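Given next are the chains, with one letter for each unit.
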Amino acid sequence: MDLAALREQQLDLAAKVIREDRLDQDPPRLIAGADVGFEQSGDVTRAAFVLLSYPSLDLVEYQVARMATAMPYIPGFLSFREYPALLEAWSMLSQKPDLVFVDGHGISHPRRLGVASHFGLLVDVPTIGVAKKRLCGKFAPLGDEPGARAPLMDKGEQLAWVWRSKKRCNPLFVSTGHRVSLDGALTWVERCMAGYRLPEPTRWADAVASGRPAFKRLQAIGR
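Note that this is a predicted model, so its numbers are computed, not measured. (Residues numbered from 1 in each chain as written. Predicted model: local features only at pLDDT ≥ 70, side-chain atom pairs only at ≥ 80, totals over all residues. Heavy atoms only, no water.)

What follows is about the overall build of the protein. Scanning the protein for helices and strands turns up six helices and eight strands. Listed N to C, the secondary structure of the protein is α-β-β-β-α-β-α-β-β-β-β-α-α-α in terms of helices and strands. Computed over C-alpha atoms, the radius of gyration of the protein comes to 16 Å, within 12% of the 17 Å expected from 2.2 N^0.38 for 223 residues, which places it in the range of a compact globule. When the backbone C-alpha atoms are referred to their principal axes, the protein occupies close to 50 × 45 × 35 Å. A burial count over the protein gives 55% of its 223 residues as buried. Taking the contacts inside the protein whose residues are at least 6 apart along the sequence as the reference set, 63% of them involve residues at least 24 apart. Counting only carbon and sulfur atoms, one obtains 49% of the accessible surface of the protein, whose full area is about 10,200 Å². (Helix = DSSP H or I, 4+ residues; strand = E, 2+ residues; numbered from the N terminus. Rg over C-alpha atoms; globule rule 2.2 N^0.38 Å. Buried < 20%, exposed > 50% of the residue type's maximum accessible area, 1.4 Å probe, protein only. Contact = heavy atoms within 4.5 Å. Areas by Shrake-Rupley, 256 points an atom, 1.4 Å probe, with all protein chains shown as cover.)

This is how it looks when you write it as structure tokens:
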């Protein structure tokens, strides 16, 4: 695998990321959540998409795509491993969202191209990265209170907001994916909270992908 070529591709794509708010529909009518995982010891990639109405945040639709994993895990190049299944799940949606929350990094990546940015560029949709762990950069200690925030800095550049969404929970790393500003990304995440650590779009995407109890209850009542 030619990692030098992939690195150059990352840098080229990262330069095309739009880091300002350019939503076609503002406020959005539909907000999507996307989550990617791996099954069968990594041989199968699973991508889930959910569509939520805004501002009610009711679940409208969900789709799950599974496909053979085309690339091994290589730190820093995860988006190349994940985006094929994301594109497949995206193609299965009966309607397309105005804004997408991706469980992963946007520009908060060593070469400024996490999966949220990579996918956002491929389909040209406003995207936000909502990650659970830091990939690069440094930030000042956060207060314990919900809403505490600090900029994630790397090489003199702010890449994300480190934001504590809930007391006694580790913070989230909220970043520009594509066509959303850093401040806009955090604002939209704040608007999509419902008392949990994760915003509703990625919380539901994770629930659908993993078959969590909340989603199984929803299926049981035929919603």
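Annotation from UniProt places "site: Interaction with target DNA" (unreviewed entry) at Tyr-73. Inspection of the secondary structure assignment puts Tyr-73 in the loop between strand 3 (59–68) and helix 2 (78–92). Contacts of Tyr-73, omitting those with residues within four sequence positions, involve Leu-78 and Arg-81. (UniProt positions renumbered as here; feature names shortened; annotations may be inferred.)

Within the largest apolar cluster, 21 residues are counted, with the highest numbers of intra-cluster contacts made by Ile-31, Leu-99, Phe-101, Ile-128, Val-174, Trp-188 and Val-189. Elements that contribute at least two residues to this core include exactly strand 4 (99–103), strand 5 (127–131), strand 7 (157–163), strand 8 (172–178) and helix 4 (182–191). Broken down by element, this core gets its largest block of residues, five residues, from helix 4. Each residue touching Val-174, except ones within four places of it in the same chain, is listed here: Ile-128, Gly-129, Ala-160, Trp-161, Leu-182, Ala-185, Leu-186 and Val-189. Leu-30, Ala-32, Leu-86 and Val-102 belong to the second largest nonpolar core, which has 19 residues in total. (Core = buried A, V, L, I, M, F, W, Y, C linked by side-chain atoms within 4.5 Å.)

Once that is clear, we can look at the UniProt feature "binding site: Mg(2+)" (unreviewed entry) in the protein. Mapped onto this structure's residue numbering, the UniProt feature "binding site: Mg(2+)" (unreviewed entry) falls at Asp-35 and Asp-103. A maximum C-alpha distance of 5.3 Å is found for the annotated residues, which run over 69 residues; spatially they form one tight group. Inspection of the secondary structure assignment puts Asp-35 in strand 1 (residues 30–39). Asp-35 gets classed as buried once you look at its relative accessible area, which sits at 5%. Those residues within four positions of Asp-35 in sequence are excluded, and the remaining contacts are Arg-46, Ala-47, Ala-48, Asp-103, Ala-205, Asp-206 and Ala-209. Within the fold, Asp-103 resides in strand 4.

The subject of this paragraph is the packing of aromatic side chains. Applying the stated criterion across every chain, the model contains seven aromatic pairs. Consider the rings of Phe-49 and Phe-119, whose centres lie 5.7 Å apart with planes at 45 degrees: the pair is tilted. One end of the pair, Phe-49, is in strand 2 (residues 44–53); the other, Phe-119, is in helix 3 (residues 115–123), with 70 residues separating them in the sequence. As far as the burial class goes, Phe-49 and Phe-119 line up, both buried. (Phe/Tyr/Trp six-rings, centres within 6.5 Å; stacked < 30°, edge-to-face > 60°.)

It is worth spelling out the pattern of salt bridges at this point. Close approach of charged atoms allows side chains of opposite charge to pair. Throughout the structure, instances matching the rule amount to 12 salt bridges. Here Asp-103 makes a salt bridge to Lys-132, at a shortest N to O gap of 2.6 Å. Taken together, the residues Asp-103 in strand 4 and Lys-132 in the loop between strand 5 and strand 6 (149–154) connect sequence positions 29 residues apart. Note that Glu-200 is salt-bridged to Arg-203, the shortest N-O span being 2.7 Å. Of this pair, Glu-200 and Arg-203 both sit in helix 5 (residues 200–210), three residues apart, which is roughly one turn of the helix. We classify Arg-203 as buried; its relative accessible area is 19%. One network of salt bridges, in which partners are shared, links Arg-19, Arg-112, Asp-154 and Glu-157. (Salt bridge = Lys/Arg side-chain N within 4 Å of Asp/Glu carboxyl O.)

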